[in-house]
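Each chain, letter by letter, is given below.
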Amino acid sequence: MEDFVDNRLTNVSDKFDKIVQEDSPNGVAFSVRQNGKILFSRASGMKHDALLPIFSGTKGLMAGTIALLVDRGLVNYSDPLHKYWKGAEAWPDLTVEMALSHRSGLPHTEGLTDSDNTWDSDAMLLKLAQTKQLVPSGGRMAYQWLTLGWFAHAIIKSATGKSAGVAFRELIGDPYQIDAYVGVP
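Residues numbered from 1 in each chain as written. Predicted model: local features only at pLDDT ≥ 70, side-chain atom pairs only at ≥ 80, totals over all residues. Heavy atoms only, no water.

Peer 1: Is there a simple way to think about the side chain of Thr65 in this case?
Peer 2: Position of Thr65 among the secondary structure elements: in helix α2 (residues 58-71). Thr65 gets classed as buried once you look at its relative accessible area, which sits at 0%. Once you skip the residues sitting within four places of it in the chain, Thr65 turns out to touch Ile156, Ala167, Phe168, Leu171 and Ile172. (Helix = DSSP H or I, 4+ residues; strand = E, 2+ residues; numbered from the N terminus. Buried < 20%, exposed > 50% of the residue type's maximum accessible area, 1.4 Å probe, protein only. Contact = heavy atoms within 4.5 Å.)

In structure tokens form, the structure reads like this:
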């Protein structure tokens, strides 16, 4: 694949150049599709088809997956989190809503997380279950850069029996032809 910019997105191309120049000397790729048609595709320092972790970009994918489960009656936002994940029993007043709205008091896990464990759901959930809240459940908002995805995974797995990535793919990705993955297929 080569760079392509639809005439309507030349301003996006200018922004892309600025980001490459100022913030991303090691490489960046970005594309936009609408109804299966590529409108914008630019890459610098990497190939267009490189698979990359998007971390916080998956928060929206997980929110959509859980919203669908709520709509189907499989999850309730007001339920205590420990109903879906036994590891949350240390925080009995923590609800699904709080865990998914950056108000769990658990923005990160205690101690450093090595890169091997970051991809291991069992290891990360165990580490998260052993973490003490920084503030009480429902209190001050603190961006859950690391923990929100693991909360979502635990909830989705409890409700569907499938990993968050597989559930997203089956419930949303495939039916709506969304070319995104949570985890590598």
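Peer 1: Got a minute to help me understand the sheet that holds strand β3 (residues 37-44) in this structure?
Peer 2: Pairing between the strands of a sheet is mediated by backbone hydrogen bonds and can be parallel or antiparallel. Across the sheet, which stays open at both edges, the three strands sit in the order β1-β3-β2 with antiparallel pairing between neighbours. Two strands bound the open sheet, and with one partner strand each, they are β1 (4-5) and β2 (28-34). As paired strands, β1 and β3 are joined by two bridges and run antiparallel to one another. Considered in β3, the bridge of Phe4 is made with Ser41. On top of the sheet, helix α1 (residues 10-22) reaches β1, β2 and β3; it is set at about 20° to β3, its chief contact. (Pairing = 2+ DSSP bridges. Axes fitted to C-alpha atoms, helices over the stretch in contact; angles between N-to-C directions.)

Peer 1: Would you explain the packing of aromatic side chains in this entry?
Peer 2: Two numbers describe a pair of aromatic rings. These are the distance of the centres and the angle of the planes. By the definition in use, this model includes four aromatic pairs. The interplanar angle of 45° and the centroid separation of 5.9 Å between the aromatic rings of Trp85 and Trp91 together place this pair among those described as tilted. Grouping residues by exposure puts Trp85 and Trp91 together as buried. Stacked on the ring of Tyr181, the Lys or Arg Arg169 has its end atom at 4.4 Å from the ring centre. (Phe/Tyr/Trp six-rings, centres within 6.5 Å; stacked < 30°, edge-to-face > 60°. Lys NZ or Arg CZ within 6 Å of the ring centre and 35° of its normal.)

Peer 1: Any chance you could explain the side chain of Asp6 here in plain terms?
Peer 2: Along the chain, Asp6 turns up in the loop between β1 and α1. Of the residues examined, Asp6 reaches a relative accessible area of 12% and is grouped as buried. Separated by 2.8 Å, the side chain of Asp6 and the backbone nitrogen of Arg8 make a polar contact. (Polar contact = N/O pair within 3.5 Å; in protein donor to acceptor, adjacent residues only side chain to side chain.)

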